[in-house]
Structure formats: C-alpha cells, structure tokens
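# Remarks on the overall topology
Read off the chains here:
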Amino acid sequence: MLQSTQETFDPGIVLLPGFALSERDALRAGIEAVTDRAPVRRMQVPGGHTMSVAMTNCGALGWVADAHGYRYSALDPLSDLPWPAMPETFLRLARAAAAAGGFDGFEPDVCLINRYEPGARLSMHRDVDEHDFSHPIVSVSLGSPARFVIGGLARRDPTRAVVLHDGDVIVWGGPARRIHHAAGSPRRRAGQPTLRWNLTFRRAGP
Ligand code: SIN
Ligand code: FE2
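Numbering of residues starts from 1 in each chain and follows the order in which that chain's sequence is written. Each chain takes a letter, starting from A, and each ligand takes a number, starting from 1, following the order in which they are written. The predicted origin of the model limits local features to residues at a pLDDT of at least 70 and limits the giving and counting of side-chain atom pairs to 80 or more, whereas totals for whole chains, interfaces and linings rest on all residues. To obtain the side-chain values, all non-hydrogen atoms of the structure were included, while hydrogens and water were left out.

## Focus: the pairing of strand β3 (residues 54-58)
Exposure categories follow from relative accessible area, calculated using a 1.4 Å probe and restricted to protein chains: below 20% of the type maximum is buried, above 50% is exposed, and the middle band is partly exposed. In this description a helix means any DSSP run of H or I spanning at least four residues, a strand means any run of E spanning at least two, and both kinds are numbered starting from the N terminus. Within β3, five of the five residues are buried, which leaves the element mostly enclosed by the surrounding structure. Alternating residues of β3 divide into A54, T56 and C58 and M55 and N57, and every residue in both groups is buried. For two strands to be treated as a pair, DSSP must find no fewer than two bridges joining them. Note that β3 and strand β8 (residues 110-116) share five bridges and pair antiparallel. Bridge pairing links M55 to N114 in β8.

As structure tokens, this is what we get:
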C-alpha cells in the first residue's frame, strides 16, 4: 500500500497511482459487507432527475440526495437504520492516503460508495455539503478505468482529465478542497466486467 509514486497537479491535488492496489481484495470484501446491509441505490436529485451512479455509504454519516436537496444523514433512508460501520481497512487506507497526499490527521466519518455500471457517470460538481473544508477528500478507484476531470474553484476554470485505474487514489484538499470535478463512464477492459467502484472518504461532521 505505501508506495511512494505521486503526482501533484496543483497545490492540494495529489494522484497516488496504485496506492490501494495491495488492499484491493479487502476493499472489495468491505464493499460486499456494506452493500449487503445498505444496498446501492440510484438517488433522486432536486428537480426529479435520477442519478446514473448507484450509491450507498458506510461510517457515522452518509451522503444522501432526494427531491428536497443534498445532506448528510446518520440513518440510511431505505432502512431507517444507521449506516454500516466503516470497515477498518477503509479507515486505514483513507488515513494513509491522506497523509501521503500531505494531509496528516485525517479521520473520515463518511465513505460514500459509488457504483458505476456501463454508461453511469457523475457530472461536474463540488463536494461542499461538509461542515469543515479544512479536511481533504480521499477518492479511491476500483475496477474499470474511467476518465476523471479536474476543474478549478470556479465552474468555468480550465479543466484537465486523467484516467483513474484500479487502485488509484486521488486526494484533494487545502486550497483545492472545493474544486469542480467529474467522473466519466467506466471503460471496457478485455475479459473483465465493465464495472467501477469509487470510495470517497470525507469528514462531514464537526
Ligand atoms: C465523486 O466525485 O464523488 C466520485 C468521483 C469518482 O468516481 O472518481
Ligand atoms: Fe465529488
């Protein structure tokens, strides 16, 4: 896990290629355990559109969208039960990746789990529903590769694209905490199912 290759794009945006590769099987087992109890679902957003990405959460809080807006909730609205606890492997990886990206002391209370089937994508947005933007975002890619678009703080700032592969981690925080970003549809790989998972670790609460 703790290999040292990294690429800094702008201050506060660090790509850690393959950082999660050695933990891949444990992460997949964690995803299975979480989704058994809190299945992924395609959430509705204000305006009535249904997201193409299917999502769930683990941790003390979970990100949810519905017709009324976006928020963090301690309960899964499907079950009215607390979200499953964050598996220890998830926590360890998130802490280590944040530190490798230059953000020591990261203690996530949310892991948003995104499942991208063929054609699913996430359009340009910022992660701004959290309480305190001094904490970074740690984003882990698993499975099929996909294009990840990195924008700036302003919606119209220039963008650049990278391809995130299985096990890649990207961390953004500090001056880049509120950048725009987007994720494209998973790309086909020979002999493998077209399916991408993304784990986004955040500290959402106080
Ligand atoms: C996100 O912005 O929440 C997910 C990004 C990704 O899938 O890489
Ligand atoms: Fe995001």
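The structure having been displayed, the exposition proceeds.
## As for unusual backbone geometry
Negative phi is the rule for most residues except glycine; trans is the rule for most peptide bonds. Its identity as a non-glycine residue notwithstanding, D80 has a phi of 60 degrees, on the positive side. You can see D80 is positioned in the loop between β6 (75-76) and β7 (81-82). Taking relative accessible area as the criterion, D80 reaches 55% and is therefore assigned exposed.

## Digging into the layout of surface pockets
In this structure, the largest pocket occupies an estimated 470 Å³ of space. In terms of residue class, the lining of the largest pocket is built from ten nonpolar, six polar and seven charged. The distinction between a cavity and a pocket rests on a 1 Å grid over the protein atoms alone: a 1.4 Å probe fits inside a cavity but cannot get out, while a pocket stays open yet meets protein on both sides within 12 Å along at least five of seven lines, and a residue with an atom within 4 Å of a point counts as lining. Grid points are joined across faces, edges and corners, and a volume is the space filled by probe spheres set on the points. Following the grouping adopted for this structure description, the nonpolar residues are Ala, Val, Leu, Ile, Met, Phe, Trp, Tyr, Cys and Pro, the charged ones are Asp, Glu, Lys and Arg, and the polar ones are all others, Gly among them.

## Section: helix α2 (residues 88-100)
For α2, spanning 13 residues, the distance from its first C-alpha to its last is 18 Å, which sits close to the expected 18 Å at 1.5 Å a residue. Residues T89, F90, L91, L93, A94, A96, A97 and A98 constitute the buried set of α2. What a helix should span is 1.5 Å times the count of its residues minus one.

## Considering the site of ligand 1
What surrounds ligand 1 is the set N114, Y116, L122, H125, F148, H181, A183, R196, N198, T200 and R202. Residues adjacent in sequence count toward polar contacts only when both atoms are side-chain atoms; beyond that, a polar contact is any pair of N or O atoms within 3.5 Å, and within protein one must be able to donate a hydrogen and the other to accept it. N198 places a polar side-chain atom, nitrogen or oxygen, 3.4 Å from an oxygen atom of ligand 1. Burial of ligand 1 by the protein amounts to 99% of the accessible area it has alone, namely 260 Å². Those molecules having more than half of their atoms within 2 Å of a cavity or pocket grid point set are described as sitting in that cavity or pocket. Judged by the fraction of its atoms near the pocket grid, ligand 1 is located in the largest cavity. Of all the elements in the fold, those that place two or more residues in the shell around ligand 1 are β8, β9 (122-125), β14 (181-183) and β15 (196-202). For the shell around ligand 1, the element with the most residues is β15, which contributes four residues. In these notes, residues near a molecule or strand are those with any non-hydrogen atom within 4 Å of it. Residue-level accessible areas treat just the shown protein chains as cover; the underlying method is Shrake-Rupley with a 1.4 Å probe.

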